[in-house]
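# Coordinate analysis (summary)
Each chain, letter by letter, is given below.
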Amino acid sequence: MTGSPDYRDSGLVFPEGFTFGSATASYQVEGAFDEDGRGPSIWDTFSKTPGKVWNGDTGDVACDHYHRWESDLDLMAELGLDAYRFSIAWPRIVPAGRGAVNQAGLDFYSRLIDGLLARGIKPVATLYHWDLPQPLEDAGGWTNRATVDAFEDYARIVGAAFGDRVHTWTTLNEPWCSAYLGYGQGGHAPGRHEPAAALAAVHHLNLAHGRAVQALRATSTGNPQYSVTLNFHVLRGQGDGAAEAMRRIDALANRAFTGPMLRGEYPADLLEDTASVTDWSFVQDGDLADIHQPIDVLGVNYYSTATVRMWDGISPKQQNDGHKGAEGGTAWPGSDKLVEFVEQPGPYTAMGWNIAPEGLEELLVSLREQFPQQALMVTENGAAFDDVVAEDGSVPDPERLDYLRRHFTAAHRALARGVDLRGYFVWSLLDNFEWGYGYAKRFGIVRVDFDTLDRTVKDSGRWYQELVATHRIPA
């Protein structure tokens, strides 16, 4: 291995054409929850349900990006970003999920995309970052196959509206979270605790991805790239059954998506592990062919590793899987009584996630080995810390800066090992509504004062600005 063992290298140069971006999601930043015809989403409902989100926070205002988008785009231009990964709010476009299209919603994203292009920033648009229209959830949500049809219609609408200008289409963000945290563990909207429903949601999200790629290709008149973003679980094993614990969790967390999307099949061991939960009869003839669509780039979200072992069935079961818990549910159907997630050594971010840059290098190299022809993009990486504003108004965030430096070093090492890595999007551009944690966790390279909504670029943002400008990791 070359470079420092702690991944604190400097002077490393990224290749020409490498994309440096930052990312947000609609419900986390936009606000304007009931303006200009937007309908309610499952996150509006969930966040307004007592006890679901810390401090009773909601995304009603969030960062008010809906009204401040122009100054936010100016901020992106100041930072020199090559690309901006944002998500389109489905309930802004089709408020009921199906049926009438809301022109005001289309107009907003059209202005946003044009504003990005005018500033030389590539628009990377995600169709679904978890804000399902509430009427669709009322009819069963992602457990209902009809939601796939509605998503395909929605993809066709936005493809026709923006497919002449979007640089990259991303169908889904982290379907693992949508399915398992939303329908199994309950820590995310819609907050259900139904293991079989979670697996049905896995399949319907996979199917929605494949159908949406086809719909976007059919309607986009430009030459966009097509992608999906997955949050991969990088696993460590402990104890005698380490390999079995890792295999089980890898099947649920990773291969449940890469299998159908990139190979056209569900892994046999996944079906076997979950046979006591569901018979998978929701998989219909032709579904796997629909799901298995060629994509230009695979989006990779990475924050930390997870350590698993086979549970002895006697000692208190550890559940350190990095996700805000909800009583009575599981994100691991079929393995929840068998596998435990053990506490990992620090240091940790404010989310309690361990800091392990080597996990990113390992993941990227592993994906290249599994899917040698598939180009990759880091679509999210970043860290929450409890920032303090200095007396002069600046925001020194040495821990986040160090985190980013070490993970960019890991990405550079993967490149040096032959990984076809096209770019890197820092999560997040702005401090924002961090789902079940409300406004308590700050991921931004730009600070948002949630009282005044003023923006301040943090030291990590200035560091990133230099990296983008020079393509060289700053000292």
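Details of the structure are given in the entry above.
Values in this document were obtained by computation on a predicted structure and should not be read as measured data.

## Observations concerning the overall build of the protein chain
Assigned secondary structure in the protein chain consists of 15 helices and 13 strands. In terms of overall size, the protein chain behaves like a compact globule, its C-alpha atoms giving a radius of gyration of 21 Å where 475 residues would be expected to give roughly 23 Å. Overall, the protein chain is about 55 × 55 × 45 Å in size when its C-alpha atoms are taken along their principal axes. Split into buried and exposed, the 475 residues of the protein chain put 61% on the buried side. Of the contacts made within the protein chain by residues no fewer than 6 positions apart, 79% connect residues no fewer than 24 positions apart. Taken together, the 40 basic and 65 acidic charged side chains of the protein chain have centroids lying 2 Å from each other.

## Quick notes on the pairing of strand β2 (residues 83-87)
With five of five residues buried, β2 is to be regarded as a mostly interior element. Residues Ala 83, Arg 85 and Ser 87 line one face of β2 and the alternating positions Tyr 84 and Phe 86 line the opposite face, and both faces are buried. Pairing geometry for strand β1 (residues 19-23) and β2, over three bridges, is parallel. Bridge pairing links Ala 23 to Arg 85 in β2.

## Observations concerning empty space enclosed by the protein
The full count for this structure, using the stated rule, is three cavities of 30 Å³ or more. One number sums up the size of the largest cavity: a volume of about 70 Å³. Lining of the largest cavity is provided by Ile 42, Trp 43, Tyr 128, Trp 130, Trp 142, Cys 177, Ser 178, Gly 182, Tyr 183, His 188, Ala 189 and Pro 190. Contributions of two or more residues to the lining of the largest cavity are made by α2 (42-47) and α8 (175-185). A per-element tally of the lining of the largest cavity places α8 first, with four residues. Each residue belonging to the lining of the largest cavity can be placed in one class, and the counts come to nine nonpolar, three polar and no charged.

## Examining α8
Along α8, eleven of the eleven residues are buried, which leaves the element largely enclosed by surrounding structure. Inspection of α8 places Pro 175, Trp 176, Cys 177, Ser 178, Ala 179, Tyr 180, Leu 181, Gly 182, Tyr 183, Gly 184 and Gln 185 among the buried residues, and these make up the whole buried set. Looking at the buried positions of α8, the neighbouring elements they touch are β3 (122-128), α6 (134-138), β4 (168-173), α9 (195-219), β5 (225-231) and α10 (242-263). Positive backbone phi, at 90°, marks Gly 186, one or two positions downstream of α8.

## Description of unusual backbone geometry
Omega for the peptide link from Ala 189 to Pro 190 comes to 5°, which places this bond in the cis form. Structurally, Pro 190 can be placed in the loop between α8 and α9. One non-glycine residue, Asn 55, adopts positive backbone phi at about 65°. Position of Asn 55 among the secondary structure elements: in the loop between α2 and α3 (65-79).

## Here's the deal with helix α14 (residues 398-416)
An ideal rise of 1.5 Å per residue puts 27 Å on 19 residues; α14 measures up with 27 Å between its terminal C-alpha atoms. At the C-terminal side of α14, Gly 418 shows a positive phi close to 95°.

## Side note on the sheet that holds β5
With parallel pairing, the eight strands of this closed barrel are ordered in space as β1-β2-β3-β4-β5-β7-β10-β11. Ignoring which end each strand starts from, the neighbouring axes of this sheet average 25° apart. Most of the contacts of helix α5 (residues 103-118) go to β2, to which it runs at about 170°, and overall it touches β2 and β3.

Quick notes on the rules
- Here the residue numbering is sequential within each chain, running from 1 through the sequence in written order.
- For this predicted model, a pLDDT threshold of at least 70 governs which residues receive local features, and a threshold of 80 or more governs which side-chain atom pairs are given and counted, while totals over whole chains, interfaces and linings are taken from all residues.
- Excluded from the side-chain calculation are hydrogens and water; included are all heavy atoms of the structure.
- The numbering of helices and of strands both runs from the N terminus, where a helix is a DSSP run of H or I of at least 4 residues and a strand a run of E of at least 2.
- Here the globule rule reads 2.2 Å times residues to the power 0.38, and the radius of gyration is calculated from C-alpha atoms.
- Three exposure classes are used, based on accessible area relative to the maximum for each residue type with a 1.4 Å probe and protein chains only: buried under 20%, partly exposed in between, and exposed over 50%.
- In this description, contact between two residues means that some pair of their heavy atoms is separated by no more than 4.5 Å.
- Positive charges come from Lys and Arg alone, negative charges from Asp and Glu alone, with His and the N- and C-terminal ends not counted.
- Every charge is mapped to an atom, namely NZ of Lys, CZ of Arg, CG of Asp or CD of Glu.
- Strands are treated as partners if at least two bridges between them are detected by DSSP.
- Buriedness of a pocket was judged along seven lines, with at least five required to meet protein on both sides within 12 Å; pockets are open sets of points on a 1 Å grid over the protein atoms alone, cavities are sets where a 1.4 Å probe fits but cannot get out, and lining residues have an atom within 4 Å of a point.
- Grid points are joined across faces, edges and corners, and a volume is the space filled by probe spheres set on the points.
- Side-chain classes are defined by residue name, with Ala, Val, Leu, Ile, Met, Phe, Trp, Tyr, Cys and Pro counting as nonpolar, Asp, Glu, Lys and Arg as charged, and the others, Gly among them, as polar.
- For a helix, the expected span equals 1.5 Å multiplied by the residue count minus one.
- Every angle, taken between N-to-C directions, lies between 0 and 180 degrees, and every axis is a line fitted to C-alpha atoms, over only the stretch in contact when it is a helix.

The analysis is restricted to geometry; functional conclusions fall outside its scope.
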